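Spelled out, the chains give:
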Amino acid sequence: MAFLNSLPDRPVAPRASSEELMAALGGPLPEASQDAVRIVDDLSSRLEPGVAATAGPRYFGFVTGGSYPVALAADWLVSTWDQNAALHVMSPAMSALEACTARWILDLLGLPEQASVGFVTGAHTANVTALAAARHEVLRRARWDVEALGLQGAPQLTVIAGEEAHVSIHSACRMIGVGSKTIMRVATDEQGRVRPDALEWALSATSGPTIVCVQVGNVNTGACDPLVEIGELTRESGAWLHVDGAFGLWAAASPAYRRLVSGLSDADSWTTDAHKWLNVPYDSGIVIVRHPAAHRAAMSQTAAYLTPGQGEQRDGTDWVPESSRRARAVPIYAVLRMLGRSGLADLIDRCCRLAVRMADRLGNTPGVQVLNEVVLNQVLVRFTAAAGENITNEVIAAVQAAGVCWCGGTMWAGAPAMRISVSNWRTDEADIDRSAASILECHSHVGAG
Ligand SMILES: Cc1ncc(COP(=O)(O)O)c(C=O)c1O
């Protein structure tokens, strides 16, 4: 409670170096057992100086959510119960809860109700899972059993992705045996959206089993690929369409922002995270596949001792790469029930509104340029000094040291930029104004040399 209560005011950046932290708790492995309460006390007091306030309201780095109290409490239950959510037979409670949470997610996002849902560690693993299901299906249609035979001697498998695809798509391609260099990369526009004409060209240049990867929510700009046009092109070609929506998929839950993802429900698979914008504790990602048979074929395993669920009984392991697994659906269920449909839409709308407020506070200052159309919860900013040189990296370092808020860096259009991602349920107008003031102060100090 002390840590949670300190979140609104503590410096956002950690204060201890790795050496200090190692010295505080490292040392040799004890020979004899030690007191449990003392261990927990030490962990909490000695490691805390190295804990970043990522769960607090002014952490804008990466795409980082906090934890709603209800999600944290639900997560304590998960550890207390210590259920293995692999099979129905191991925990009927977790199996039922996953089934219910899966239905709610499909309903909220407007996705096909027969789609299968897997609860994984994050969007990266969700992308791997979805692409494995895609690989199964496009090769099955080419009469190749990839689970039995692997890729050696298989029909040529093509993956097409935008120039701005998230790095986890590249990594997923490595893991499904396609390799990252062989991805056909299609051009994107100035906001990082896939250009339909470029995709059309790429599709016309390929034949055979093909997977197209697009995204809603570019990690830098928040831009969403134009799914309606993309959907038409992929349908005509017979390719599998995968949508990475690690944070952007939640726009579908907001009547005000749903237009950004129109065409979403026509895809074949989707990825999102709950530990980002849904504000549940790490780690928690979701994979959704329109074709349950392909999803199950790519993931499930059988052995004499693994008793499968009967009929409607859900075995969570059928939809994920893991066997033994944490019951990650529990905090998701808790947040969805606490927010309800309207509360979730409010969360999305509020973060997007606050991102616009941040852009307005920053963008009217000489030497500060907002680089993106702030369509979702991401703001991309570049800083220059009076003489015109790019001082963005220096401003980022100064902002992190000041400790009022935390923003990270990236490269955009070949030059450094600052990323501001508004994804925390606690963030309010005052947090944005305080953070913008700190950023502008750092810019003026750094700019003055
Ligand atoms: C578009 C996109 N896809 C995938 C990921 C990977 O998510 P995770 O780190 O939760 O696995 C991210 C992370 O920011 C992302 O923005």
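You'll find the structure just up there.
Everything in this summary refers to the structure shown in the same document. Please read all numbers here as calculations on a predicted model, not as lab measurements.

Criteria and cut-off values
Residues numbered from 1 in each chain as written. Predicted model: local features only at pLDDT ≥ 70, side-chain atom pairs only at ≥ 80, totals over all residues. Heavy atoms only, no water. Near = heavy atom within 4 Å. Polar contact = N/O pair within 3.5 Å; in protein donor to acceptor, adjacent residues only side chain to side chain. Nonpolar A, V, L, I, M, F, W, Y, C, P; charged D, E, K, R; others polar. 1 Å grid on protein atoms, 1.4 Å probe; cavity = no way out; pocket = protein on both sides within 12 Å on 5 of 7 lines; lining within 4 Å. Points joined across faces, edges and corners; volume = space filled by probe spheres on them. Helix = DSSP H or I, 4+ residues; strand = E, 2+ residues; numbered from the N terminus. Contact = heavy atoms within 4.5 Å. Axes fitted to C-alpha atoms, helices over the stretch in contact; angles between N-to-C directions. Parallel < 35°, antiparallel > 145°, perpendicular 65-115°, else oblique. Left-handed = near helix turned anticlockwise from the far one by under 90°.

## Overview of the site of the ligand
Argument step 1. His 124, Asp 244, Asp 273, His 275 and Lys 276 are the nearest of the 13 residues found near the ligand.
Argument step 2. Within the backbone of His 124, a nitrogen or oxygen atom sits 2.8 Å from an oxygen atom of the ligand.
Argument step 3. With respect to the ligand, the side chain of Asp 244 contributes an N or O atom lying 2.7 Å from a nitrogen atom.
Argument step 4. Here the residues of the shell around the ligand are counted per class, giving 4 nonpolar, 6 polar and 3 charged.

## A few points about the layout of surface pockets
Argument step 1. Here the largest pocket is characterised by a volume of approximately 630 Å³.
Argument step 2. Lining the largest pocket are 27 residues, and of these Arg 296, Glu 312, Gln 313, Arg 314 and Trp 319 sit closest to its centre.
Argument step 3. Taken together, the elements giving at least two residues each to the lining of the largest pocket come down to α5 (92–109), β1 (116–120) and α11 (292–299).
Argument step 4. Tallying contributions element by element places α5 first for the lining of the largest pocket, with 4 residues.
Argument step 5. For the lining of the largest pocket, the residue count by class is 11 nonpolar, 9 polar and 7 charged.
Argument step 6. Space inside the second largest pocket adds up to approximately 510 Å³.
Argument step 7. Mapped onto the lining of the second largest pocket, the elements with two or more residues apiece are α1 (2–6) and α4 (69–81).
Argument step 8. Take the lining of the second largest pocket: its biggest share by element is 3 residues, from α4.
Argument step 9. Residues of the lining of the second largest pocket, tallied by class, amount to 15 nonpolar, 4 polar and 1 charged.

## Here we look at the side chain of Asp 318
Argument step 1. Looking at the element boundaries, Asp 318 is found in the loop between α11 and α12 (329–363).
Argument step 2. If we ignore the near neighbours within four places in the chain, the residues touching Asp 318 are His 295, Arg 296, Met 299 and Ser 300.

## Observations regarding the packing of α12 against helix α14 (residues 429–447)
Argument step 1. Between α12 and α14, whose axes approach to 9 Å, the crossing angle comes to 30°. The orientation of α12 relative to α14 falls into the category roughly parallel. Crossing hand, α12 versus α14: right-handed. Side by side, α12 and α14 meet where Leu 354, Arg 357, Met 358, Arg 361 and Leu 362 of the first sit next to Glu 429, Ile 432, Asp 433, Ser 435, Ala 436, Ile 439 and Leu 440 of the second.
Argument step 2. Its residues assigned to classes, the contact of α12 with α14 shows 7 nonpolar, 1 polar and 4 charged.

Worth remembering: the numbers are spatial, not functional.
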